[in-house]
Amino acid sequence: MSSRTPGDGAHVVAFEIYGTGVSVIVPRLELVPRVIEQFPRHASRWEPQSDDWVFELVIGDDGQCAIFQDETVVCPPVPLQGALWTLRRELFLHAVHHARNRLVVSAGVVGHEGRAVVLPGPPKVGKTMLVAALARLGAVYYADDWALLDRDGFVHPFPTLLFIKNQGKVSIESLGGVRGDRPIPVGLIASITFRSGARWDPQQRTQANGALMLLRCAYGMDEPHFAMEAARRATTEALVIEGERDDASEVASALLEIVSELPAQAPPPGRSP
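Conventions and cut-offs
Residues numbered from 1 in each chain as written. Predicted model: local features only at pLDDT ≥ 70, side-chain atom pairs only at ≥ 80, totals over all residues. Heavy atoms only, no water. Helix = DSSP H or I, 4+ residues; strand = E, 2+ residues; numbered from the N terminus. Polar contact = N/O pair within 3.5 Å; in protein donor to acceptor, adjacent residues only side chain to side chain. Contact = heavy atoms within 4.5 Å. Salt bridge = Lys/Arg side-chain N within 4 Å of Asp/Glu carboxyl O. Buried < 20%, exposed > 50% of the residue type's maximum accessible area, 1.4 Å probe, protein only. Pairing = 2+ DSSP bridges. Axes fitted to C-alpha atoms, helices over the stretch in contact; angles between N-to-C directions. Phe/Tyr/Trp six-rings, centres within 6.5 Å; stacked < 30°, edge-to-face > 60°.

## Notes on the side chain of H156
At step 1: Relative to the helices and strands, H156 is located in strand 12 (residues 155–156).
At step 2: Polar contacts involving the side chain of H156 include one to the side chain of D150, which spans 2.8 Å.
At step 3: In this structure, H156 is in contact with R102, Y142, L148, D150, P183 and R271, ignoring residues within four places of it in sequence.

## A look at the pattern of salt bridges
At step 1: All told, the structure shown has 10 salt bridges when counted by the stated rule.
At step 2: Residues D152 and R233 are paired through a salt bridge, measuring 3.0 Å at the closest nitrogen-oxygen approach. Of this pair, D152 sits in the loop between strand 11 (147–149) and strand 12 while R233 sits in helix 5 (residues 224–235), placing them 81 residues apart in sequence.
At step 3: For R233, a relative accessible area of 33% corresponds to the partly exposed category.
At step 4: Across the pair R233 and E229 runs a salt bridge whose closest N-O atoms are separated by 2.7 Å. Here R233 and its partner E229 are both found in helix 5, 4 residues apart, which amounts to about one turn of the helix.

## Description of the sheet that holds strand 5 (residues 65–69)
At step 1: Read across the open sheet, the 6 strands follow the order 3-1-2-4-5-6; overall the sheet is mixed. One side of each edge strand has no neighbouring strand; the edge strands of this open sheet are strand 3 (44–46) and strand 6 (72–78). The mean inter-strand angle of the sheet, taken between neighbouring strand axes irrespective of direction, is 20°.
At step 2: Two strands pair when backbone bridges link them, and strand 1 (residues 11–17) and strand 2 (residues 20–26) are joined in this way by 7 bridges, in the antiparallel orientation.

## Side note on the packing of aromatic side chains
Aromatic rings in a pair are described by how distant their centres are and how their planes are angled relative to each other.
At step 1: Enumeration according to the criterion identifies 4 aromatic pairs in this entry.
At step 2: Measuring from ring centre to ring centre gives 4.8 Å for F92 and W146, while their planes differ by 90°; the resulting arrangement is edge-to-face. Of the two residues, F92 is situated in helix 2 (residues 80–97) and W146 in the loop between strand 10 (140–143) and strand 11; the sequence distance between them amounts to 54 residues.
At step 3: Using a relative accessible area of 16% as the deciding quantity, one classes W146 as buried.

## Topic: the pairing of strand 9 (residues 115–120)
At step 1: Across the 6 residues that make up strand 9, a large majority, 6, are buried.
At step 2: Of the two faces of strand 9, the one holding R115, V117 and L119 and the one holding A116, V118 and P120 are both buried throughout.
At step 3: With 6 bridges joining them, strand 8 (residues 107–112) and strand 9 adopt antiparallel strand pairing. Residue V110 lies in a different strand from strand 9, and its bridge partner there is V117.
At step 4: Counting the residues in the hairpin turn of strand 8 and strand 9 gives 2 residues, including E113, whose phi is positive at 55°.
At step 5: Of the strand pairs in this sheet, strand 9 and strand 16 (residues 186–194) are connected by 3 bridges, and their pairing is parallel. If you follow A116 over to strand 16, its bridge partner there is V186.

Okay, structure coming up:
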């Protein structure tokens, strides 16, 4: 939390996301709409609370803008547009690292036949290329690196642009894919690492291994019990595999075939099929 309080003439705007609250101190009324535009996707406006995390936009006499979180400078003085860009990034990262009612995992996710294929792993293991290959084969795009799981272990859509080598950031639609629009249960957890020349020979792991794969790649866990429960429920009826790959298209086809052969899942109480 923060001990910073608004100065004279400052305005406070706040939002809630994933169970955590954030307030932003804005020095001028005319800047409030521009600050609100930086709020993360899925954020809901709410009244500032005493236990909110607090960020502050500060404008110096020279017009340069800095950003504080508590007493920490998260953005040194820069022009306003640069400060707003940094604020957007910091608010998003804060939401990810302090989620309380979502387990946020570094993972690519696609849906196939109503179930999620979750590809947990750190950066630079080839998740994006595999997600793109799966989407080209008809899988539904859910996430590239920010997988959101609720208490029941269902995956929620969080589509972003994909960074493809030699292409830059591209939309899933430009690859011929479509975006998911509803939460789905996990059918397959696949920890797959790219290695040139690797032979596709995945090994089955236990569901406990699958929960650990998710938790090892989780961003912050302000509510450890919630995180562990979400990971446990996500793996209750999931197949868990681990392996290496070379060609993304070949492995994408194999993964979709695996999901197609999985037995049907029953929805948890309170969930529609």
